[in-house]
Amino acid sequence: MVYRFWCGECGFKTPWLAESEGAQRQLDHYNKQHPGIHAGGHVETGRRNPQDSRISGLACLQVAGLLALLLIIAAAYRR
Ligand SMILES: [Zn+2]
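Because the structure is predicted, anything quoted here is derived from the model rather than measured. (Residues numbered from 1 in each chain as written. Predicted model: local features only at pLDDT ≥ 70, side-chain atom pairs only at ≥ 80, totals over all residues.)

### Let's talk about the overall build of the protein chain
1) Next: A tally of helices and strands in the protein chain yields two helices and two strands.
2) Next: Its helices and strands taken in sequence order, the protein chain reads β-α-β-α from the N to the C terminus.
3) Next: Looking at the protein chain residue by residue over its 79 residues, the buried ones come to 8%.
4) Next: Across the protein chain, contacts joining residues at least 24 apart in sequence account for 39% of those joining residues at least 6 apart. (Helix = DSSP H or I, 4+ residues; strand = E, 2+ residues; numbered from the N terminus. Buried ≥ 20, exposed ≤ 12 C-beta atoms within 10 Å, placed from the backbone. Contact = placed C-beta atoms within 7 Å.)

### Topic: helix α1 (residues 19-33)
1) Next: Here α1 spans 21 Å end to end across 15 residues, near enough to the 21 Å set by a 1.5 Å rise per residue.
2) Next: Those residues of α1 lying buried are Gly22, Gln26 and Tyr30. Angularly, the buried residues of α1 cover 80 degrees about the axis, an arc narrow enough to put them on a single face. Residues Ser20, Leu27, Asp28, Asn31 and Lys32 are exposed on α1 and point more than 90 degrees away from its buried face. (Expected span 1.5 Å × (residues − 1). Arc of directions from axis to C-beta.)

### Here's the deal with the environment of Trp16
1) Next: Within the fold, Trp16 resides in the loop between β1 (2-6) and α1.
2) Next: For Trp16, a count of 21 C-beta atoms within 10 Å translates into the label buried.
3) Next: Trp16 sits 15 residues away from Met1 along the chain, and the two C-alpha atoms are 9.4 Å apart.

Right under this line is the structure:
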């Protein structure tokens, strides 16, 4: 898994990183950009190949569509 840390104060987000590295980057960002503010925001988790998160989402839809199709075919053959 990879993690992307989002700043709670501005639009900053870290690149996809290992959890500890991302947390460190976010902390660095807070120290630089929002000194004195407790680090907030949220963490996004992703699969190994982060750049393809949108594509893998599409693949997920395709798999779901394929499964639905198989179910329809199976139902048709059962008669
Ligand atoms: Zn920020």
